[in-house]
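# Structure at a glance
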Amino acid sequence: MNFLLINPDELRAESVRCYGHPLVETPNIDALAAQGTRFEQCHVQHPVCTPSRASFMTGWYPHVRGHRTLWHCLRPDEPNLLRYLKQSGYQVRWYGKNDLLSPESFPLSVTSAETKRRGGMHGANPYSLEDPEYYSFLYEPYKGPLEDHGDYANVSSTIDFLRSKPREPFAVYLPLTFPHCPYSAPVHWHDRFDPADVPELRPADLPGKPDFHSLIRQTRRLTEVSEELLRKIQAVYLGMTGFIDELVGRLLETLEETGHAEDTTVVLFSDHGDWAGDYGLVEKWPSALDDCMTRVPFVVRTPGGVSGHVVEEPVE
C-alpha cells in the first residue's frame, strides 16, 4: 500500500462543499469524500502550524515534548509517521514547505525533499503602511504563470514522481501553502466569488469572547476596515480553497492514469483553520479555539475501503 498525504495549510472544514458550505466549489475533494470516509468533527490540537503538525505526526499533544510554537519542530530523537514509514522500507517523498521537521530530522524521516517556489504564491499588498487595510492581509491576485505558482509547482513535481513508475512502496507528503493568508489567489480564483454572496460572517464583539479578539482588532486596525472588505477576504479565501481543490483533482486524475488509484491510500487533512473575516479577524492566533480554527477537513480513501461513509463522532 502506498500513501499520498495532502496537507493544505489553514483550511477550515466548514469552507469545503462536502462539509456544508453553500457557495464554495470543491468537486474533487467532494468526490474523494464520496469514494472514501469523511470525518465530520475532526479537531486539531493547536491553531498554529508546527504544534499541530507535530501532534498529528506523533500522536502526542503538543505539550508532551514542548512543541508550542512555530520554532519547535520535531527533533531527531522524536519518532514520527514519516520516520516510521521510511524505516519500514518506504520511499518517503516530500514536496512543499516545512513546518514540521528540524533540519537534523530529515535524513531519518524523508528520502527526498524539495520545495518549489519559482514565482511565489501571492500578489502584492496594495495598501500603504498608513492604511488600516494594510494589516488585513488582503493582497492583489497572483498574476504569474500557473506553472510558477508554488503550490502548483509542488503538485506538478508530485505528478512527475507518480508518472515515473516508482518500484518501491512510496509515501508522498504534500504540505501545500494555500489557503494560508495573505488572501490572494491566481486571477481565475481570486475573484471567483462575489463578496455579496458570502454567507453572513460571525460578528465581532460577541459576549464571552477572549480579550485577545478585541486586542488583535485594535492592534491591526481591523476596527477601521469595512464589512465589505471582510467579506472580500472570505470570498478570496474561498477562491484559494477552490484552487486547492483544482490541484487535488490533478492528483486524483494522475493516480487513475498511472494505476496507482488501486494501490494508494489518499488522506486529505489540514493543520488548523483561519478566521478569514469572521469575528472581524484574519489569520489565526495561538490561543484561538473557535470552531472555524480547530475544525478541519479529514478525508481518507483507501483501496477496498468503504465509500461514502461519514464518521459523526469527534476525532482529534
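All of these numbers come straight from a predicted model, not from anything done at the bench.

### Focus on the packing of aromatic side chains
Counting across every chain of the model gives ten aromatic pairs. Relative to Phe298, the ring of Phe39 has its centre 4.5 Å away and its plane inclined at 20°; by these criteria the two rings are stacked. With Phe39 in strand S2 (residues 37-43) and Phe298 in strand S8 (residues 298-301), the pair connects residues that are 259 residues apart, well separated along the chain. For Phe39, a relative accessible area of 17% gives the class buried. A relative accessible area of 21% means that Phe298 is categorised as partly exposed. When the ring of Phe56 is compared with that of Phe269, the centres are 5.0 Å apart and the planes differ by 85°; the resulting orientation is edge-to-face. Taken as a pair, Phe56 in helix H2 (residues 49-58) and Phe269 in strand S6 (residues 264-269) lie far apart in primary sequence, 213 residues in all. Take Phe56: its relative accessible area is 30%, and that puts it in the partly exposed class. Taken together, the ring pairs in this structure connect Trp94, Phe106 and Tyr173 into an aromatic cluster. Against the face of Tyr19 rests Arg38, its NZ or CZ located 4.8 Å from the ring centre. One Lys or Arg, Arg250, reaches over the ring of Tyr152 and ends 4.3 Å from the middle of that ring.

### Digging into the environment of Pro132
Along the chain, the position of Pro132 falls in the loop between strand S4 (112-114) and helix H5 (150-163). Residue classification places Pro132 among the buried positions, given a relative accessible area of 17%. In this structure the C-alpha to C-alpha distance between Pro132 and Arg221, which are 89 residues apart in sequence, comes to 5.3 Å. Those residues in contact with Pro132 that lie beyond four places of it in its chain are Arg220, Arg221, Glu224 and Val225.

What counts, and at which threshold
Residues numbered from 1 in each chain as written. Predicted model: local features only at pLDDT ≥ 70, side-chain atom pairs only at ≥ 80, totals over all residues. Heavy atoms only, no water. Phe/Tyr/Trp six-rings, centres within 6.5 Å; stacked < 30°, edge-to-face > 60°. Helix = DSSP H or I, 4+ residues; strand = E, 2+ residues; numbered from the N terminus. Buried < 20%, exposed > 50% of the residue type's maximum accessible area, 1.4 Å probe, protein only. Lys NZ or Arg CZ within 6 Å of the ring centre and 35° of its normal. Contact = heavy atoms within 4.5 Å.

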